[in-house]
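Each chain, letter by letter, is given below.
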Amino acid sequence: MEMETVKLSAIVMRWYPDMIPFLKQDELNSVIVLRDGLSILEPADAMDIIHYSICEHQNSAYLH
């Protein structure tokens, strides 16, 4: 299987659509590269990707 590039929104919509209102637009627009493609991604792996993406966006936040 070939690598596939998708937006995080595609992953969220497929496995956890109820999470959409809780994610920021820049998180949903994150580009994710899947080594083996979207078709074989498991729900637990999808949740790991979502969690990692949220954490990555929080790393760039500044505290005042």
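Source: prediction; values computed, not measured. (Residues numbered from 1 in each chain as written. Predicted model: local features only at pLDDT ≥ 70, side-chain atom pairs only at ≥ 80, totals over all residues. Heavy atoms only, no water.)

Side note on the overall build of the protein chain
Inference 1: Within the protein chain, the regular secondary structure consists of 3 helices and 2 strands.
Inference 2: Counting from the amino terminus, the protein chain carries its helices and strands in the arrangement β-α-α-β-α.
Inference 3: Relative to its 64 residues, the protein chain shows a buried fraction of 28%.
Inference 4: Expressed as a percentage of contacts within the protein chain between residues at least 6 apart in sequence, the contacts between residues at least 24 apart total 72%. (Helix = DSSP H or I, 4+ residues; strand = E, 2+ residues; numbered from the N terminus. Buried < 20%, exposed > 50% of the residue type's maximum accessible area, 1.4 Å probe, protein only. Contact = heavy atoms within 4.5 Å.)

A closer look at a nonpolar patch on the surface
Inference 1: Together, Met3, Val31 and Val33 line one region of the surface with nonpolar side chains, adding up to about 330 Å² of accessible area.
Inference 2: Checked against the element boundaries, Val31 lands in strand S2 (residues 31–34).
Inference 3: For Val31, a relative accessible area of 57% corresponds to the exposed category. (Patch = residues over 30% accessible without salt bridge, like charges linked within 9 Å, V, L, I, M, F, W, Y side chains within 5 Å. Areas by Shrake-Rupley, 256 points an atom, 1.4 Å probe, with all protein chains shown as cover. Salt bridge = Lys/Arg side-chain N within 4 Å of Asp/Glu carboxyl O.)

Brief notes about helix H1 (residues 8–15)
Inference 1: Buried within H1 we find Leu8, Ile11, Val12 and Trp15. Along the axis of H1, the buried positions cluster into a sector of 95°, meaning they face one direction only. (Arc of directions from axis to C-beta.)

Details of the nonpolar core
Inference 1: Ile11, Leu34, Leu38 and Leu41 are the most contacted members of the largest nonpolar core, which totals 13 residues.
Inference 2: Secondary structure elements with two or more residues in this core: H1, S2 and helix H3 (43–59).
Inference 3: The leading source of residues in this core is H1, at 4 residues.
Inference 4: Apart from residues no more than four positions distant in its own chain, Ile11 is found in contact with Val6, Tyr16, Ile32, Leu34, Leu38, Leu41, Ala46, Ile49 and Ile50. (Core = buried A, V, L, I, M, F, W, Y, C linked by side-chain atoms within 4.5 Å.)

Some thoughts on the side chain of Ser30
Inference 1: Mapped onto the secondary structure, Ser30 falls in the loop between helix H2 (25–28) and S2.
Inference 2: Here the side chain of Ser30 touches Asp26 through a polar contact of 3.3 Å, landing on its backbone oxygen.
Inference 3: Separated by 3.4 Å, the side chains of Ser30 and His57 make a polar contact.
Inference 4: Apart from residues lying up to four places away in sequence, Ser30 is in contact with Val6, Lys7, Leu8, Ser53 and His57. (Polar contact = N/O pair within 3.5 Å; in protein donor to acceptor, adjacent residues only side chain to side chain.)

Quick look at the pattern of salt bridges
Inference 1: Tallying each qualifying case throughout the model produces 1 salt bridge.
Inference 2: Between Asp36 and Arg35 there is a salt bridge; the shortest N-O distance is 3.5 Å.
Inference 3: Of the residues examined, Arg35 reaches a relative accessible area of 64% and is grouped as exposed.

Some words on the environment of Gly37
Inference 1: As for its placement among the helices and strands, Gly37 is situated in the loop between S2 and H3.
Inference 2: Sequence separation between Gly37 and Val6 is 31 residues, and the spatial gap between their C-alpha atoms is 8.9 Å.

Scope: geometric values only; no functional claims are made or implied.
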